[in-house]
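Chain by chain, the residues:
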Amino acid sequence: MTVKPGDRGYGTMHRILPKRGNKPCPHGEEADCGCPWRVQFQDPQTGKQRERRFYSKKEAKKFLLKVNHEKARLGKIPGFLLADSPRFEEYAWEWLEAREDLAKGTKTSYASKLRSQLIPEFGNKKVGKITRKDVERFRDRLYTQGVNLGNANLMISGILGGILEAAREGDYRADNPAREISLREVPESEPYLPETEEIWDLVEAIEDRFELTILLQALLGLRAGEAMAGGTECVRGTVYRVYRQWMTSGEYAPLKHKKPGEYREIPISPRLAQAIEAHCEQFGIRSGPFFPSPRDPEIPISRSTYQRAFVIARIKIGNEALVPHSLRHWFGTHMSRRTHAAAVKEWMGHERIQTTIERYYHMIDETMREGAAAIDAAFLERKALTQ
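Since the structure is predicted, the reported quantities are computational estimates derived from the model, not experimental observations.

A word on the overall build of the protein
Broken down by element type, the protein carries 15 helices and 8 strands. Buried residues in the protein amount to 44% of all 387 residues. The contacts of the protein with a sequence gap of at least 6 include a subset with a gap of at least 24, amounting to 59%.

Pasting the structure below:
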């Protein structure tokens, strides 16, 4: 039957037998027989006859109404109504390739997350067919598996959300569920974990005077206030002594979990030693703060000035999930893979070693498994030699 008799070109909907080509349903329109509804309509751009099938009259009628609404509004039928959309995998790579606003390191990070998580989950689906339930299932899996919360949210809202938004703008879909579902709030202790390339992108993007802040946080595990309080007196040969922090209120304070005068010392890598020397030479610093205030060189520049510079830099590289604490988190993650939790606890200034173990357990556990495998390999090698 025609939905609106007399309206030429509006389209038609008929009930047909399933798996029998286009043979009419003999049971009647109101019968509860399970026969599908065939909706036919004309594509105004190509002049071709199109069709979709539905298992309820209500869905078929709603669809035909939507088709005609869009035809009247746009002069065409959007791709999401035609069910024409590319596979997620091919569309995702095209989207990433077109993102010229992203820095090289950010693109590398996004590509890694596409390969490891998003393509295995959505690769064969059409971008127009990914549903809210699909996205919620993906979110729940990431959370259940203990994926870093900052990284999980970036994959959902940033990467998947960006891809689906491009698909929406390209008429491949009508919505963007990745930007609509609820996500867990990221606590300060579990920020986005950047790739190494992203840290170097940040160094290149931030104002010259703040380049060293990025390295102090990433290569020493300092908090932002601790990095801003840094000065020539902190360099003690091959170690860096951090003994105070520069507060947002514009004053010094003792370290977190420490009394006035207490400090912690962290080994200085050769790369960081070179960076500190180069920074002091470039900005004429003989003594005192590494990041002096223009008004009073005896004290550091304001935290708000640094924060603004950091935000601008992360926008430049195309990753707004980055926060200063991400750099400290990078340090803790990589150090936990390479040394004992007790050393990491001291370097990062955790009050209890339990904090270090809980925060970086997955890395410590991985190191333990690698150690067990090495012991096993050594034992078997010895056994082979004695046989």
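Let's talk about the pairing of strand E8 (residues 264-267)
Burial of the side chains of E8 is restricted to one face: Arg264 and Ile266 are buried, whereas none of Glu265 and Pro267 on the reverse face is. In this structure, strand E5 (residues 239-242) lies alongside E8, joined through 4 bridges in antiparallel fashion. Across the sheet, tyrosine 240 pairs through a bridge with isoleucine 266, a residue of E8.

A word on the packing of helix H12 (residues 324-338) against helix H13 (residues 341-348)
Any two packed helices are characterised by the angle at which their axes cross and by the distance between the axes. Packing of H12 against H13 brings their axes to within 9 Å, and their N-to-C directions diverge by 160 degrees. When the interaxial angle is binned, H12 and H13 end up roughly antiparallel. The crossing of H12 and H13 is right-handed. Listed contacts from H13 to Arg328, Phe331, Gly332, Met335 and Ser336 of H12 are Val344, Trp347 and Met348. Residues of the contact of H12 with H13, tallied by class, amount to 5 nonpolar, 2 polar and 1 charged.

Considerations on the nonpolar core
Ranked by internal contacts, the top residues of the largest apolar core, which has 79 residues, are Phe88, Leu114, Leu160, Ile214, Leu216 and Tyr240. Element by element, the count of residues in this core is highest for helix H6 (residues 149-169), at 10 residues. What leucine 114 contacts, discounting residues up to four positions off in sequence, is Phe88, Ala92, Trp93, Leu96, Ile119, Pro120, Ile159 and Ile163. Counting residues in each nonpolar core, the second largest holds 13 residues, with Phe41, Phe54, Val67 and Leu82 among its members.

Quick look at the sheet that holds strand E4 (residues 235-236)
Pairing is antiparallel across the open sheet formed by 3 strands, whose spatial order is E4-E5-E8. Where the open sheet ends on each side, the last strands, each with one partner, are E4 and E8. Where E4 lies against E5, 2 bridges are found, and the strand directions are antiparallel. Each bridged residue has a counterpart across the sheet, and for arginine 236 the counterpart in E5 is valine 239.

A few points about H6
Between the first and last C-alpha of H6 there are 28 Å, a value that for 21 residues agrees with the 30 Å anticipated at 1.5 Å per step. Two residues or fewer after H6 comes aspartate 171, characterised by a positive phi angle close to 70 degrees.

Thoughts on the sheet that holds strand E1 (residues 12-15)
Ordered by their spatial adjacency, 3 strands build an open sheet running E1-E2-E3, and the pairing between neighbours is antiparallel. What marks the edges here is a single partner per strand, and that holds for E1 and strand E3 (49-54). Averaged over neighbouring strand pairs, the angle between their axes works out to 25 degrees when direction is ignored. Pairing of strand E2 (residues 37-42) with E3 involves 6 bridges; the strand directions are antiparallel. Among the inter-strand pairings, glutamine 42 is bridged to a residue of E3, identified as glutamine 49. Across the sheet, helix H1 (residues 57-74) touches E1, E2 and E3, and the angle it forms with E2 is around 10 degrees.

Considerations on the pattern of salt bridges
Close approach of charged atoms allows side chains with opposite charge to pair. Within this structure, the stated rule accounts for 24 salt bridges. Residue glutamate 70 is joined to arginine 73 by a salt bridge in which the shortest nitrogen-to-oxygen separation is 2.7 Å. Within this pair, glutamate 70 and its partner arginine 73 are both found in helix H1, separated by 3 residues, close to a single helical turn. The residue arginine 168 makes a salt bridge to glutamate 165 at a minimum N-O spacing of 2.6 Å.

Here we look at unusual backbone geometry
Negative phi characterises most residues that are not glycine, and trans characterises most peptide bonds. Of note, the phi angle at histidine 257 is positive, near 70 degrees, even though the residue is not glycine. Assignment of secondary structure puts histidine 257 in the loop between strand E7 (252-253) and E8.

Quick word on H1
A rise of 1.5 Å per residue sets the reference length of H1, with its 18 residues, at 26 Å; its end C-alpha atoms lie 26 Å apart and thus fit the reference within 8%. Restricting attention to buried positions, one finds in H1 the residues Ala60, Phe63, Leu64, Val67, Asn68, Glu70 and Lys71. Taken down its axis, H1 places every buried residue within 160 degrees of arc, on the same side. Facing away from the buried surface of H1 by more than 90 degrees, the exposed residues are Lys58, Lys62, Leu65, Ala72 and Arg73.

A short note on the packing of aromatic side chains
For the structure on display, the rule yields 10 aromatic pairs. Consider the rings of phenylalanine 88 and phenylalanine 122, whose centres lie 5.6 Å apart with planes at 55 degrees: the pair is tilted. Separated by 34 residues along the polypeptide, phenylalanine 88 in helix H3 (residues 88-98) and phenylalanine 122 in helix H4 (residues 104-122) bring together distant segments of the chain. The structure contains a cluster of three or more aromatic residues connected by ring pairs, namely Phe41, Phe54 and Phe63. The aromatic ring of tyrosine 263 is capped on one face by arginine 241, whose charged end is 3.8 Å from the ring centroid. Positioned above the aromatic ring of tyrosine 252 is the side chain of arginine 244, whose terminal nitrogen or guanidinium carbon lies 3.6 Å from the ring centre.

About the cut-offs
- Residues numbered from 1 in each chain as written.
- Predicted model: local features only at pLDDT ≥ 70, side-chain atom pairs only at ≥ 80, totals over all residues.
- Heavy atoms only, no water.
- Helix = DSSP H or I, 4+ residues; strand = E, 2+ residues; numbered from the N terminus.
- Buried < 20%, exposed > 50% of the residue type's maximum accessible area, 1.4 Å probe, protein only.
- Contact = heavy atoms within 4.5 Å.
- Pairing = 2+ DSSP bridges.
- Axes fitted to C-alpha atoms, helices over the stretch in contact; angles between N-to-C directions.
- Parallel < 35°, antiparallel > 145°, perpendicular 65-115°, else oblique.
- Left-handed = near helix turned anticlockwise from the far one by under 90°.
- Nonpolar A, V, L, I, M, F, W, Y, C, P; charged D, E, K, R; others polar.
- Core = buried A, V, L, I, M, F, W, Y, C linked by side-chain atoms within 4.5 Å.
- Expected span 1.5 Å × (residues − 1).
- Salt bridge = Lys/Arg side-chain N within 4 Å of Asp/Glu carboxyl O.
- Arc of directions from axis to C-beta.
- Phe/Tyr/Trp six-rings, centres within 6.5 Å; stacked < 30°, edge-to-face > 60°.
- Lys NZ or Arg CZ within 6 Å of the ring centre and 35° of its normal.

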